[in-house]
Amino acid sequence: MKRPGLLTLPAVTILGAFFILPLIWVFILSVLATGPTGEVLREVTLQHYARFLTDSYYLNDLLLRTIRLAAIATLFSVAIGYLGAFVIVRAPPAAQSWMVLLVMLPLWVNLVVRTLSLMVVLGRTGPVNQILVALGISARPLPLLYNETAVVIGMVQVAVPFVVMAIYGVLQSIPRQLEHAAMTVGATPLAAFRRVTLPLSLPGILAGSVLAFGINVESFVVPILLGGGRVRFMSVAAYETATVSNNLPFAATIGVILLVVTMAMLALYQWAVRSAGRPTAVIQAG
Amino acid sequence: MGQISVSNITKSWGAFTALKGVDLDVREGEFLSILGPSGCGKSTLLRIIAGLEEPSGGTVRIAGRDVTLDPVWKRRIGFVFQNFALWPHLTVFRNVSMGLELRKTPKTELRDRVLEALEMVQLEALADRLPAQLSGGQQQRVALARAIVLKPDVLLLDEPLSALDKNLRQDMQVELKSLQQTLGLTTVFVTHDQEEALSLSDRVVVMNKGAIEQLGTPHAIYNGPVSEYVARFVGEAFFFRGSIERREGGSRLRLADGSAVPVEGDVAADGDGLAFVRPEWITLGRLDPRQETDVPRGTVERLMFFGQSSDYLVALGERQMRVKRRPDAPELQPGDAVAIHCTARALRGERAAP
């Protein structure tokens, strides 16, 4: 093959036609004015951005909540995912592929179906509430649905398999012997984990959390179903603005703001983790 | 009782028995090698001494203390892994200092001791490097510094030189030995390389299938192996089998082709016997059929040149024998018929096929 660049052509074409072009269109849409009946005018304006950024409803109730819930869900996803990946890596090799399969299993089930079944589980008469009441932890069923907790639980459920796979890959590449070496110089298993395995798995944690945050922040099915319309979320708001309010440009603005803020946060996060993870040799100077 | 005292150690995984009741005493300050082919249990034994592996039975004592039930991190050992196992995210300095950090050593003392250890392995200039920026030999030294900085009761080395290429390996052997002598460290060194074991050790243990076959000085192991297995493993050996003939002035082994070889050592009373020779014990002479009627005969096949020395390959019937060429002896050509003069060393024990 003389020109391996040709091989990327299908990917570039598909991404260009179905991702880049629509994205550019969304950007253009977001700076066009809206007519009184919702028609898009040929008039460049920043009024939609001004409207979003000056209204505390959009800023606090929508944007901040979306980011906050996605961040909380990411935190839980990474913690749970790390534990899962760790358990798989330390399992006998024969069991590992089965456990990986088990983690991937939920991805074979449609997201709507999974989220609807979560509604049954979290409902007033669902198994979670029944157990809580039966064990006497709570006197009566807790409201687990149609609130932020429900949305976070839903997002964690979606993101965990991805986090497990991201961290599993990295953990698997760390030789067990590195921990043993730490134990030979006096580290307890916990200290060996903290000083060797944990810092070496940082790239996996980074990849997993970026993945989880990206998935969570654009969540759509989960906030609609588990939030029941009461938990405002960026993607849902954009959808409703476009369909119910028939205001395409403002819907595009919501989308662009979500995209820009998310990318800025991920960039900041990557930079922070990278610089924290850099090896230090400062003690010597002291 | 030695600095390390291992008694009746067994280890099995399911139906597989890796160690069958090993007893071993390592003296204080001694350099002891455990030699054997892969799968003989030598690494398992070392890992049990270190606490990285749990024995199925038996006890391990280090510096007079029973440590059988102690986990690795409570034993005062230094361990060097075959592939070094340096922590890739930490600098050379931090790799060496971690053990001291874990012991909450005061900052200035920690710094002094780490630099002292790095100086011993001549790496003080590279303290700020990451392991990936070092050569194999340098990584090996970091691993060594990491082990000795804690002033351990014993130093345990698991084939530490086998990942290095030949020249570097020889340099490291010299350094390792002088470091061990300077510090007076009790050292157990696992290797499958017989030359390495012979040149470095005060004593050598030869292991076979989970048991100790022979324990002795390098000299005793090489010149007086107790079995065919040891003779074969510890160096080049050619085996003669035949029937023992006792007579005045020494015994001889009568071979199937009618020739006879003088034997010494632990000669069986009579009957079938087995004896071996090393390449440098043999003198080749031009065959004079009138004089030498019952000396084993062979034909020179070729000369193998190694630089500092060379070997003749001599055919004896179907088999080949290696003979070290003596610099003062006349040169032989391929095809020359030769008389083989040597005194073989008798072996007792198993009668495996040659």
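Rules used in this analysis
- Residues numbered from 1 in each chain as written.
- Chains lettered and ligands numbered in written order.
- Predicted model: local features only at pLDDT ≥ 70, side-chain atom pairs only at ≥ 80, totals over all residues.
- Helix = DSSP H or I, 4+ residues; strand = E, 2+ residues; numbered from the N terminus.
- Contact = placed C-beta atoms within 7 Å.
- Nonpolar A, V, L, I, M, F, W, Y, C, P; charged D, E, K, R; others polar.
- Pairing = 2+ DSSP bridges.
- Axes fitted to C-alpha atoms, helices over the stretch in contact; angles between N-to-C directions.
- Parallel < 35°, antiparallel > 145°, perpendicular 65-115°, else oblique.
- Left-handed = near helix turned anticlockwise from the far one by under 90°.
- Buried ≥ 20, exposed ≤ 12 C-beta atoms within 10 Å, placed from the backbone.

Some thoughts on the overall build of chain B
Within chain B, the secondary structure is distributed over 8 helices and 20 strands. When the backbone C-alpha atoms are referred to their principal axes, chain B occupies close to 85 × 45 × 35 Å. Excluding contacts between residues fewer than 6 apart, the proportion of contacts in chain B whose partners are at least 24 apart in sequence is 65%.

A short note on the interface of chain A and chain B
The partner chain B presents 26 residues to the 21 residues of chain A that form the contact. Looking at the side of chain A that touches chain B, the elements with two or more residues in it are α8 (176-184) and α9 (189-200) of chain A. Considering each element in turn, the side of chain A that touches chain B owes the most residues, 7 residues, to α8 of chain A. Its residues assigned to classes, the side of chain A that touches chain B comprises 13 nonpolar, 7 polar and 1 charged.

As for the sheet that holds strand β7 (residues 154-158) of chain B
Residues and elements named next belong to chain B. Read from one edge of the open sheet, 6 strands run β6-β7-β8-β3-β9-β10, paired in mixed fashion. Of all strands in the sheet, those with a lone pairing partner are β6 (77-80) and β10 (211-216), marking the two edges. The average undirected angle you get between the axes of adjacent strands in this sheet is 15 degrees. As paired strands, β7 and strand β8 (residues 186-191) are joined by 5 bridges and run parallel to one another. When the bridges of β8 are listed, D158 appears paired with V190.

Structural notes on the environment of A272 of chain A
Examined against the element boundaries, A272 of chain A turns out to sit in helix α13 (residues 248-277). The sequence separation of A272 of chain A and Q157 of chain A amounts to 115 residues, and the corresponding C-alpha distance is 26 Å.

Examining the pairing of strand β1 (residues 4-13) of chain B
Within a regular strand, side chains alternate between the sheet's two faces. Residues and elements named next belong to chain B. Strand direction decides the pairing type here: β1 and strand β4 (residues 57-62), joined by 5 bridges, are antiparallel. The partner of S7 across the bridge, within β4, is T59. One ladder, built from 8 bridges, connects β1 with strand β2 (residues 16-26); its direction is antiparallel. Of the residues in β2, the one forming a bridge with S12 is T17. Between β1 and β2, which pair antiparallel and follow one another directly, the connecting turn spans 2 residues, one of which, G14, has a positive phi of 60 degrees.

Quick notes on the sheet that holds β4 of chain B
For sheets, the rule is that strands pair by backbone hydrogen bonds, running either parallel or antiparallel. Residues and elements named next belong to chain B. Read from one edge of the open sheet, 4 strands run β2-β1-β4-β5, paired in antiparallel fashion. What marks the edges here is a single partner per strand, and that holds for β2 and β5 (65-66). The strands that helix α1 (residues 42-50) touches are β1, β2 and β4; relative to β1, the one it contacts most, it runs at about 120 degrees.

Re the packing of helix α2 (residues 92-102) of chain B against helix α3 (residues 107-120) of chain B
Residues and elements named next belong to chain B. At a closest axis distance of 10 Å, the pairing of α2 and α3 adopts a crossing angle of 130 degrees. One way to sum up the angle between α2 and α3 is to call them oblique. In the packing of α2 onto α3, the handedness of the crossing is right-handed. Taken together, the residues of α3 that come into contact with α2 (itself represented by F93, V96, S97, L100 and E101) are L110, R113, V114, A117 and L118.

Topic: unusual backbone geometry
Its identity as a non-glycine residue notwithstanding, N246 of chain A has a phi of 55 degrees, on the positive side. Note on placement: N246 of chain A falls in the loop between α12 (234-243) and α13. Phi at A85 of chain B takes a positive value of approximately 50 degrees, unusual for a residue other than glycine. Structurally, A85 of chain B is set in the loop between β6 and α2. A count of 25 C-beta atoms within 10 Å places A85 of chain B in the buried class.

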